[in-house]
Structure formats: structure tokens, C-alpha cells
Amino acid sequence: MKAASTPSAPKNWQRLPCGSQLAEQLQQRLDEWAPSLFGFNLLKIDALGAALSLDKSRIRQSVVMGQQPFEGMDLLADAAAMPFAPGSLDACLLAHVLDYSAHPHAILRETEIALRDDGWLIVTGFNPYSSAGLACALPALRHRLPSWQRMLAPGRLEDWLKLLGFEVIERDYLGFTRVMRFALPGQWRGRLCPRFCPSLAAVYIILARKRRFPLTPVRELKPVRNALTQPGMARQRE
């Protein structure tokens, strides 16, 4: 079967439909989650992730890695074969990286290896069962969005993360359709839609943490001798 073709990852948010609004909403969510992040090294992959900020976190420095050359990146490498030592990263931001990759599971495996224990992973993606999934079929937007086959449903991504040993800490859904914007006020839309209508959101964002629980061996207990079988405790006949 022929593999689904997909355009290359955009070099800025303005190349995506409603990209500026999506970036603003994602940045707002990152600002809320950032204070709980800490460590030394943060990795941001590709231009979309580089445009987002985690300055409010307690992570000291960030590195921008690009899979295609763009202005402002620190190194050029393949996300499916990261040039980092195991356990050398404290956090990683994948902003729509999986949507534009032919090997999303390999990228997640490489990220899991590069992250230290209890390291943080932030993933954003397009929801294939939303307006984004419909828009990618339109000729006018086909070259600006990944193909429907490359979009990962949030439930499927969470299953992958759990198999790799990640714990999903937070999740949110952004980019609701204009119908929902007119039908509900902003306050109710922000409360009700993410909880009851997540499939209508065009974009999701997930915060996960790499967990490693040590296995404590069970100590073999020595059998206790029955005290009644000892000679000194034998019952005397009268």
C-alpha cells in the first residue's frame, strides 16, 4: 500500500490555518504548566516548537534542534535518531513534530531514551476527528496541513506514551470550530468543550512524565519451625 504523502513541517505558525491563534492558545497553556517544570536541559524540536516559550519554567537552558534548516536552530539532526546521551534531557517539546513525521513512534522512543527518569514531555498534535481532519482534505488547505493518515488521535498517542512508561499528567483541547464559538460563550466553551466535546477540538496538548519505578525483590522468608515439634516442648503424659 502506498504511504500517505504529507507536506514538510512549516517554518512558522502563520503557515497553518489559524496558526497565530493556535500558537497563542498553546502558549497560554504552556505558561500555566511551566512553573511545575524544572531541570537543566530543555529540547525543542523544529520551528513550531522553537517559537513557543517555556521561560516561566525552572529549566536553565534550552536547545533547538531542527530536522530541516531554519533560522535560530542550534543543531541539525533527525528526531528519529537523536544525538543525545541517554538520560541527558530534563524536558522535551514536540510541537506537531509527530504530525509531519513518517516515523512518529521512533521519535517517541528516542525521546524516552534521551529523557532522564521523571523527565517531562510536551506533545501537541492535530486531532484527525475534528475540523482539522476535514480541512486537510480541502484542496486549498491540503498543502498546509499533514495528511489525515499522519494525524494521531489523542487517545492513540496516550496509549503509546503509556507503553513507553510515561504518565499523562495534563491534557487539553484547543482550536474549537466557529460553530462552537457562536453557540457558547467563551467561559462556558472553555469549561464544557474540553470535558464533554474533546473530539471537536482541532488541536490537543499533552503533558506527560517519564516514570521509572524500581522493582523491590521479595525477600524469601525462612520457614518457621513448629514449636510443638521441638523436643523440649513435647507434651508429657501423665
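Anything mentioned here points back to the structure above.
All figures in this text were calculated on a predicted structure; none of them were measured in a lab.

J.: Where do I start with the packing of helix H3 (residues 104–114) against helix H5 (residues 154–163) in this structure?
T.: How two helices sit against one another is set out by the angle between their axes and by the gap between those axes. In the contact formed by H3 and H5, the axes pass within 11 Å of each other and the chain directions differ by 40°. One element, H3, and the other, H5, form an angle in the oblique class. Crossing of H3 against H5: the hand is right-handed. Taking contact as the criterion, the partners of Pro104, His105 and Leu108 in H3 are, on H5, Leu157, Trp160 and Leu161. Class assignment of the residues belonging to the contact of H3 with H5 gives a composition of five nonpolar, one polar and no charged.

J.: Explanation requested: the pairing of strand S5 (residues 115–126) in the structure shown.
T.: Within a regular beta strand, the side chains point alternately toward one face of the sheet and then the other, so they alternate between its two faces. Most of S5 is tucked away: nine of the 12 residues are buried. Relative to S5, strand S4 (residues 89–95) runs parallel, the two sharing six bridges. Bridge pairing in S5 links alanine 91 to tryptophan 120. Where the polypeptide runs from S4 across H3 and back to S5, its parallel neighbour, the crossover connection is right-handed.

What counts as what
- Residues numbered from 1 in each chain as written.
- Predicted model: local features only at pLDDT ≥ 70, side-chain atom pairs only at ≥ 80, totals over all residues.
- Heavy atoms only, no water.
- Axes fitted to C-alpha atoms, helices over the stretch in contact; angles between N-to-C directions.
- Helix = DSSP H or I, 4+ residues; strand = E, 2+ residues; numbered from the N terminus.
- Parallel < 35°, antiparallel > 145°, perpendicular 65-115°, else oblique.
- Left-handed = near helix turned anticlockwise from the far one by under 90°.
- Contact = heavy atoms within 4.5 Å.
- Nonpolar A, V, L, I, M, F, W, Y, C, P; charged D, E, K, R; others polar.
- Buried < 20%, exposed > 50% of the residue type's maximum accessible area, 1.4 Å probe, protein only.
- Pairing = 2+ DSSP bridges.
- Right-handed = clockwise from strand over helix to strand, strands pointing away.

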